[in-house]
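Structural overview for review
What follows is each chain in one-letter form.
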Amino acid sequence: MQNPKTLWIKQPLATLDPACAGGLVVEGSNIIELLALGQLPSRPVDEVFDAGRHVLLPGLVNAHHHFYQTLTRAHPVALNKALFSWLTSLYPVWARLQPEMVAVSTQIALAELLLSGCTTASDHHYLFPQGLEEAIDLQLEQARRLGVRVHLTRGSMSLGRDQGGLPPQSTVQSEEIILADSERLIRRYHDPADGAMSRVALAPCSPFSVSTELMKASAVLAEQHDVQLHTHLAETHDETEFCLNMFGMRPVDYLESVGWLSGRVWLAHGIHFNEEEILRLGRAGVGIAHCPSSNMLLASGICPTLELEAAGCPVGIGVDGSASNDGSNMIMEVRQALLLQRLRYGARRITHQQVLDWATRGSAACLGRHDIGEIAVGKQADLALFTLDDIQFAGAGDPLAALVLCGARRADKVMVAGRWRVIDGAICGLDIEALKARQRELSVLLR
Ligand SMILES: [Zn+2]
């Protein structure tokens, strides 16, 4: 479908930002004008989309995921386990990943995210068994097909069981191979420009699966190429114990000792910090991807979001890998964040606007992006529009609150970089039934 030169998305039913109550004008991939209620565009537009039935949000930004795990949702070996035993049950299964599995599971995850209003997705892929050396290349190809903006992180595991780590030896790579491939991927796919559709970050998997040398070398490489760093940190008490035993220090001290306390870092989970650690993370501007469903499912704990934010950390939201969620639905994750964070902070401090802000502007800040995550002039036209037609909204009062409180599941229209990628609840140009069928066939091979 040919996109119009200028498009007025007219008078949405509700928005996160009252400054665009009259809608907005998109030209090319950018937002060029915001309109107050009743205001007309300053010059004639080529096309008008009447959003009178739609709640308009900035496209949601997913700050942490493992696309491949959609193949092992609700896997029988991993049920009812906490993180370390969950991981050791699944590592041998994941070691059998094949190239087509990565391609198909990436499409599934991105499709699920798009349909839930997500326009930018980060992924943390850290499995490169023999034959799967080009996993990130495969992911990028699928992201381009679907038109989703991606931040693909080159994950890594170098500390196998033989060296006191958690993953089996067959799933780890040498530091030389990891660093050389990281550099290759940055050169090939990292676009530092505004409006970038793909960026690359470096992401050693966790303190318990990579060597100290690799953490340090990754920080140096990230500095050289001006890319971001990502890892899992402070997810469980087991991890704190591991760090104390292995390195003689707590996770944040370890992070600092390897040169990772910096504004180019964002962490998945970030649960078990003390007050002093939170202040240090905030001073450094380290971002935190809060993953509420995963944290509840694995009984890991509750992220201290408000203290982290007050200290200076950007806070975003991630669905986390779909074997610990076990879904990739971003708007549902926003609701989970509201529910879980209310248990910690009470109803008055955690509002629907707050959690939507985390899932948009907050996640974008975690990814080091200033061109996405909000509806403003000059930003990318990444938009998610939801109707309130489904049965769970019948009787709802406040339309914006209803998205979160009634449990929205699916966007009606999604735009990425000025192009419609979801229309009437369906992804443009994707045979989703065929995709689901192939994913089911492939997942059976991993049981
Ligand atoms: Zn994760």
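Above this text you will find the structure in question.
What comes next is a walk through the structure. (Residues numbered from 1 in each chain as written. Predicted model: local features only at pLDDT ≥ 70, side-chain atom pairs only at ≥ 80, totals over all residues. Heavy atoms only, no water.)

**Remarks on the pattern of salt bridges**
Spelled out, the test is: Every case where a carboxyl oxygen of Asp or Glu lies within 4 Å of a side-chain nitrogen of Lys or Arg is listed as a salt bridge. Strands here are runs of E lasting at least two residues and helices are runs of H or I lasting at least four, both read from the DSSP assignment and numbered beginning at the N terminus. Burial status follows relative accessibility: with a 1.4 Å probe on protein chains alone, a residue under 20% of its type maximum counts as buried, one over 50% as exposed, and anything between as partly exposed.
Throughout the structure, instances matching the rule amount to 25 salt bridges. With its nearest N and O atoms 2.9 Å apart, the salt bridge here joins R280 to D253. With R280 in helix α8 (residues 275-284) and D253 in helix α7 (residues 251-257), this residue pair connects regions lying 27 residues apart in the sequence. D253 sits in the partly exposed class, given a relative accessible area of 28%. Taken together, the shared-partner salt bridges in this structure form one network comprising D137, R154, D181, R184 and R188.

**Points about the sheet that holds strand β6 (residues 54-58)**
To be explicit about the condition: Paired strands, as defined in this entry, are two strands with at least two bridges between them according to DSSP.
Read across the open sheet, the 6 strands follow the order β2-β6-β15-β16-β17-β18; overall the sheet is mixed. With partners counted over all chains shown, the strands left at the sheet margins are β2 (14-15) and β18 (426-427), one partner each. As paired elements, β2 and β6 share 2 bridges and run parallel to each other. Across the sheet, the residue bridging to T15 is L56, located in β6.

**Concerning the packing of aromatic side chains**
Inclusion rule: The aromatic pairing rule takes the rings of Phe, Tyr and Trp, using the six-membered ring of Trp, and pairs them if the centres are within 6.5 Å, calling planes under 30 degrees apart stacked, those over 60 edge-to-face and the rest tilted. Should the NZ of a Lys or the CZ of an Arg lie within 6 Å of a ring centre and within 35 degrees of the ring normal, that charge is described as sitting over the ring.
In this structure the tally under the stated criterion is 9 aromatic pairs. Note on Y91 and W94: the rings are 6.2 Å apart at their centroids and 80 degrees apart in plane angle, and the pair reads as edge-to-face. Of the two residues, Y91 and W94 both sit in helix α1 (residues 83-94), 3 residues apart, roughly one turn of that helix. For the pair Y91 and W94, a shared accessibility class is recorded, and that class is buried. One aromatic cluster is present, built from ring pairs that chain together Y68, W86, Y91, W94 and Y126. Across from the ring centre of F128, 3.7 Å away, lies the NZ or CZ of R154, which sits over that ring.

**Examining the pairing of strand β11 (residues 229-233)**
On a regular strand, one side chain projects to one face of the sheet and the next to the other, so that they alternate. A large share of β11 lies buried, amounting to 5 of its 5 residues. Burial along β11 is two-sided: the face carrying L229, T231 and L233 and the face carrying H230 and H232 are both buried. When β11 meets strand β12 (residues 265-269), the two strands line up parallel, connected through 5 bridges. Across the sheet, the residue bridging to H230 is W266, located in β12.

Structural measurements only, silent on function.
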